[in-house]
Amino acid sequence: MVITPKHYVPVLRWRMGEYQALLKLDASRKPFVVPLIEVLEPDFDFEKWIPKKNLDDHLSTFGAQLQRKWADRPALLDGRQLPPASRMADGRHPMTFLFGEARALGNVMTPVVALDNDVDYKVAVRDIHAIDQRGVVLRCTLDEALDPDFDKNLAVLLAGLGLGLVQVDIILDLRAPTYEPLAGLVGVVQAALSGSASIAAARSVVVLGASFPDTLAHLKLPLETLPRGEWRLYKALIAALAPSARRPAFGDYAVAATTFAKGDMRFMRGAPNVRYAVNDNWIVARRKRKKGETNQAYPGLCALITGSGQYRGKGHSAGGDYIKDCETGAASRGNPTTWKWVATNHHITVVLDGLATLP
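Everything quoted here is computed from the prediction, not taken from an experiment. (Residues numbered from 1 in each chain as written. Predicted model: local features only at pLDDT ≥ 70, side-chain atom pairs only at ≥ 80, totals over all residues. Heavy atoms only, no water.)

*Asks:* Please give an account of the overall build of the protein that cites residues and values.
*Replies:* Scanning the protein for helices and strands turns up 13 helices and 13 strands. Taken against the 2.2 N^0.38 rule, which gives 21 Å for 359 residues, the C-alpha radius of gyration of the protein at 21 Å falls within 12% of a compact globule. Dimensions of the protein, computed from the C-alpha atoms along their principal axes, are close to 55 × 55 × 35 Å. Here the protein holds 359 residues, and the buried ones make up 50% of them. Look at the contacts in the protein between residues 6 or more apart in sequence, and 75% of them connect residues 24 or more apart. (Helix = DSSP H or I, 4+ residues; strand = E, 2+ residues; numbered from the N terminus. Rg over C-alpha atoms; globule rule 2.2 N^0.38 Å. Buried < 20%, exposed > 50% of the residue type's maximum accessible area, 1.4 Å probe, protein only. Contact = heavy atoms within 4.5 Å.)

The following block contains the structure:
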């Protein structure tokens, strides 16, 4: 498919909080979302010191989950979070398995590839395209796009995949750059977009970034405002582009950092928090965890959001509705997975609102 500037590409790790966020999106908004799904490796059992599931069991439900949560809508699938040596019990590459399962259920996915993926990953992607004929998505860094040899490097990759540029979507993944000074970063991104003949000829172009912190420990209590740097950058970039310039689509890491904690979750419980996107910012309601407390803080945190003067009201998003209902006791206090889908669902809705207002 062609990803247009009307579409939004959120990076979503395929866990319950993320796919529930997609499921609960308003039906009228779903056609404008093209999720970039990252499948994670199996959780680790730190008591037994082994993975909780083998790879086959871990990935066996992916196709069915995707069908239930996203049906036959387009999605992008990136296997970068799986160790390169990962293989199914029968020797298949995980990407081959995942696309085979999804294909059998009618899911519509496009594989994501990087210039530095190993040979086996690229062979799997080549074979997936040979069957599905949907092309590929190249996810590249800003440094790679600025490399004078970028077009040549991409040509080598595409020759190995048996593809032409018109079958490639290019995602420029900025990850989490320094967003100030904003004008300087806009200039660098413009240079990357305009300096490559490949980017000019690609099927689609997306600019992707992140600014949500990987820890909230430094935030003020009980309510803090965080800038949505990647959204501010995108608006400034669109304003700076010449009328004749190609306009990229927008993507981000939703309400998450580019990295995520890996460790024994028995000892990694963070402070309870509620995250809520508002125009150019997020507001985060947070309280220190009290000994013996589980989820008792959430109604009070929700009240901080609804009383902030920036709450969009009920009916705007499923996530926003849950915040109000939790405050009043009409919904349960939930758990970390609940608050992941609440924040992500509302964030996606706010991004789509923002995209609809751009000229």
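*Asks:* I'd like a rundown of the sheet that holds strand β8 (residues 168-173), residues and numbers included.
*Replies:* Around the barrel, which closes on itself, the 8 strands sit in the order β1-β2-β5-β6-β7-β8-β9-β11 with parallel pairing between neighbours. Ignoring which end each strand starts from, the neighbouring axes of this sheet average 25 degrees apart. Pairing of strand β9 (residues 204-209) with strand β11 (residues 249-252), which is carried by 4 bridges, proceeds in the parallel orientation. Bridge assignment links Leu208 to a residue of β11, and that residue is Gly251. Here helix α5 (residues 119-132) sits on the sheet and contacts β5 (74-78), β6 (108-113) and β7 (136-141); the angle it forms with β6, its principal contact strand, is near 150 degrees. (Pairing = 2+ DSSP bridges. Axes fitted to C-alpha atoms, helices over the stretch in contact; angles between N-to-C directions.)

*Asks:* Could you give me a rundown of unusual backbone geometry, with the residues and numbers involved?
*Replies:* Pro181 follows Glu180 through a cis peptide bond whose omega is 0 degrees. Structurally, Pro181 is set in the loop between β8 and α8 (182-194). Despite not being glycine, Ala71 shows a phi value in the positive range, around 55 degrees. By secondary structure assignment, the location of Ala71 is in the loop between α3 (62-70) and β5. Positive phi, normally seen in glycine, also occurs at Ala254, with a value near 55 degrees.

*Asks:* Describe the sheet that holds strand β10 (residues 223-227), naming the residues involved and giving the relevant values.
*Replies:* A sheet is described by the order of its strands in space; here 3 strands give the open sequence β10-β13-β12, paired in antiparallel fashion. Two strands close off the open sheet at either side, each with one partner strand: β10 and β12 (273-278). Along the sheet, successive strands turn relative to each other by an average axial angle of 25 degrees, direction set aside. In the sheet, β12 pairs with strand β13 (residues 281-286) via 6 bridges, with the strands oriented antiparallel. In the sheet register, Ala277 faces β13, and the bridge partner there is Trp282. Contacts from helix α13 (residues 336-357) reach β12 and β13, with the element oriented near 5 degrees to β12.

*Asks:* How would you summarise the packing of aromatic side chains if you had to cite specific residues and measurements?
*Replies:* Considering all chains together, one arrives at 11 aromatic pairs under this definition. Measuring from ring centre to ring centre gives 6.0 Å for Trp231 and Tyr234, while their planes differ by 25 degrees; the resulting arrangement is stacked. Pair noted here: Trp231 and Tyr234 are both in helix α10 (residues 229-240), with a separation of 3 residues, about one helical turn. Between Tyr234 and Phe250, the ring centres sit 5.1 Å apart and the planes meet at 50 degrees, which makes this aromatic pair tilted. In this pair, Tyr234 is assigned in helix α10 and Phe250 in strand β11, connecting sequence segments 16 residues apart. Neither residue differs from the other here; Tyr234 and Phe250 are each classed as buried. (Phe/Tyr/Trp six-rings, centres within 6.5 Å; stacked < 30°, edge-to-face > 60°.)

*Asks:* An account of the pattern of salt bridges is needed here, citing residue identities and associated values.
*Replies:* Summed over all chains, the structure comprises 18 salt bridges. Residue Asp78 is joined to Arg80 by a salt bridge in which the shortest nitrogen-to-oxygen separation is 2.9 Å. On the basis of relative accessibility, which here comes to 2%, the residue Asp78 falls in the buried class. One salt bridge connects Arg139 with Asp173, and the closest N-O pair in it is separated by 3.0 Å. Of this pair, Arg139 sits in strand β7 while Asp173 sits in strand β8, placing them 34 residues apart in sequence. Both residues of the pair, Arg139 and Asp173, belong to the buried class. (Salt bridge = Lys/Arg side-chain N within 4 Å of Asp/Glu carboxyl O.)

*Asks:* Can you tell me about the nonpolar core, naming the residues and giving the values?
*Replies:* Phe62, Leu77, Leu138 and Leu172 are the most contacted members of the largest nonpolar core, which totals 68 residues. What Leu172 contacts, discounting residues up to four positions off in sequence, is Cys140, Thr141, Leu142, Ala145, Val189, Ala192, Leu193, Val206, Val207 and Leu208. Judged by nonpolar contacts, the second largest core, of 19 residues, contains Val278, Tyr298, Tyr311 and Val342. (Core = buried A, V, L, I, M, F, W, Y, C linked by side-chain atoms within 4.5 Å.)

*Asks:* So what's going on with the packing of helix α1 (residues 16-23) against α13? Which residues, and what values?
*Replies:* Interaxial distance between α1 and α13 falls to 8 Å at its minimum, and their mutual angle equals 40 degrees. One way to sum up the angle between α1 and α13 is to call them oblique. Crossing of α1 over α13 shows right-handed handedness. For the pair α1 and α13, contact is made by Met16, Gly17, Glu18, Gln20, Ala21 and Leu22 and by Thr337, Lys340, Trp341, Thr344, Asn345 and Ile348, respectively. Split by residue class, the contact of α1 with α13 holds 5 nonpolar, 5 polar and 2 charged. (Parallel < 35°, antiparallel > 145°, perpendicular 65-115°, else oblique. Left-handed = near helix turned anticlockwise from the far one by under 90°. Nonpolar A, V, L, I, M, F, W, Y, C, P; charged D, E, K, R; others polar.)

*Asks:* Talk me through helix α7 (residues 150-161); I want residue IDs and the actual numbers.
*Replies:* Think of an α-helix as 3.6 residues a turn; residues three or four steps apart then line up on the same face. For α7, built from 12 residues, the straight-helix expectation of 16 Å at 1.5 Å per residue is met to within 8% by its first-to-last C-alpha distance of 17 Å. Those residues of α7 not exposed but buried are Phe150, Leu154, Leu157, Leu158 and Leu161. Each buried residue of α7 sits inside an arc of 95 degrees when the element is viewed along its axis, so together they form one side. Looking at α7, the residues exposed on the side facing more than 90 degrees away from the buried face are Lys152, Val156 and Ala159. For α7, the elements touching its buried residues are β6, α5, β7, α6 (142-146), β8 and α9 (197-201). At the exit of α7 stands Gly162, carrying a positive phi of roughly 70 degrees. (Expected span 1.5 Å × (residues − 1). Arc of directions from axis to C-beta.)

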